[in-house]
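Here's the letter readout for the chains.
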Amino acid sequence: MTVADAELLVEVAGPVATVVIRNPARRNAMTTAMWRRLPELLDGLEADPAVRALVLTGAGDTFCAGADLGDLDELLDAGDASIAVTAEERLAAFAKPTVAAVRGACVGGGCQLAVACDLRVATTDARFGVPPARLGLVYPAPTTRRLARLVGPAAAKHLLFTAELIDAERALRVGLVDEVLPGDGLAARVDELTAAVVARSQLSVAAAKEIVDGRADEERIAWWHGQVRASGEAREGVAAFHERRPARFGWTPPARH
């Protein structure tokens, strides 16, 4: 395997885009080139009106074993301004729903990316870990805060203090993942989940994501309510409910919204 084998692959099937982390020589560890490439890929997918949801996964039977430690000096020198944090923040700010589909190891930088997604679905063999204390590193502050918001302070401290790997069932209990499935059921469930999301009003979904993530102030919330009135989404949703048919939602985000 060569450096050229480490890459991010993009697959688009209808309204769902899938970004695949592929670095087979290092259990899908993220290289500096991959960290730099991710925000650019996300920019393109976010701007594509045909894409309504994003799935992030790893090639083969591993999600991502972390950051490639061969690139450690560059990551250390940058601290919280590192390319890994930049990529994580871009993923967290992606305007459309994101789902991490996790098999096998989801450790370090891999866990960082999974936590930055909106939803996480894992197989029973998935393992999660946050290893900075094993390596003498300080986990980035934005990453630490995002983890604590997701699982709570106690579970975050356990992961950070011990650097232990936890299994999928424990990850489910602490809220690190939303669902755990047998390995052969992951792809079908992700397809089912994304199909449900893209069939809903994208106005509702986009507004909910901004509000839950704390990125919508009162002016922005008023803008979202104005979009409801102007778009006809609610009228279509109510009509579809009464007529017992699937809703035909048509809202798409303005070019600058």
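The preceding data block contains the structure.
How each quantity is defined
Residues numbered from 1 in each chain as written. Predicted model: local features only at pLDDT ≥ 70, side-chain atom pairs only at ≥ 80, totals over all residues. Heavy atoms only, no water. Pairing = 2+ DSSP bridges. Helix = DSSP H or I, 4+ residues; strand = E, 2+ residues; numbered from the N terminus. Axes fitted to C-alpha atoms, helices over the stretch in contact; angles between N-to-C directions. Contact = heavy atoms within 4.5 Å. Phe/Tyr/Trp six-rings, centres within 6.5 Å; stacked < 30°, edge-to-face > 60°. Buried < 20%, exposed > 50% of the residue type's maximum accessible area, 1.4 Å probe, protein only. Salt bridge = Lys/Arg side-chain N within 4 Å of Asp/Glu carboxyl O.

A. Main features of the sheet that holds strand β4 (residues 98-102). Judged by pairing direction, the sheet is mixed, and its six strands sit side by side in the order β1-β2-β3-β4-β6-β9 without closing on themselves. Unpaired on one side and paired on the other, β1 (7-13) and β9 (179-181) mark the two borders of the sheet. Geometrically, the sheet is characterised by an average inter-axis angle of 20 degrees between neighbouring strands, direction not taken into account. Bridge count between β4 and strand β6 (residues 119-123): four bridges; the pairing is parallel. When the sheet's bridge partners are listed, Val 102 is paired in β6 with Ala 122. Relative to the sheet, helix α1 (residues 32-47) contacts β1, β2 (16-22) and β3 (53-58), its axis offset from that of β1 by approximately 20 degrees.

B. The packing of aromatic side chains, seen in detail. Taken as a whole and judged by the stated rule, the model has two aromatic pairs. Ring centres of Trp 224 and Trp 251 lie 5.8 Å apart, and the angle between their planes is 55 degrees; this geometry places the pair in the tilted category. Pair noted here: Trp 224 is in helix α11 (residues 218-231) and Trp 251 is in the segment after α12 (233-243), with a separation of 27 residues, a long-range link. No difference in accessibility class separates Trp 224 from Trp 251, as the two residues are buried.

C. Quick peek at the sheet that holds strand β7 (residues 127-129). If you walk across this open sheet you meet the three strands as β5-β7-β8, and the pairing is mixed. Because the sheet does not close on itself, it has two edges, and the strands there are β5 (105-107) and β8 (166-167). Alignment of β5 against β7, held across three bridges, turns out to be parallel. Along β7, the bridge assignment pairs Ala 105 with Arg 127. Of the strands in this sheet, β5 and β7 touch helix α4 (residues 109-116), which is tilted by about 85 degrees from β5.

D. Inspection of the pattern of salt bridges at higher detail. Under the defined criterion, the tally for this structure stands at 14 salt bridges. Close ionic contact of Arg 146 with Glu 89 constitutes a salt bridge, the shortest N to O distance being 2.9 Å. You can see Arg 146 sitting in helix α6 (residues 141-151) and its partner Glu 89 sitting in helix α3 (residues 83-92), a full 57 residues away along the chain. Since its relative accessible area comes to 15%, Arg 146 is described here as buried. Residue classification places Glu 89 among the partly exposed residues on the basis of a relative accessible area of 33%.

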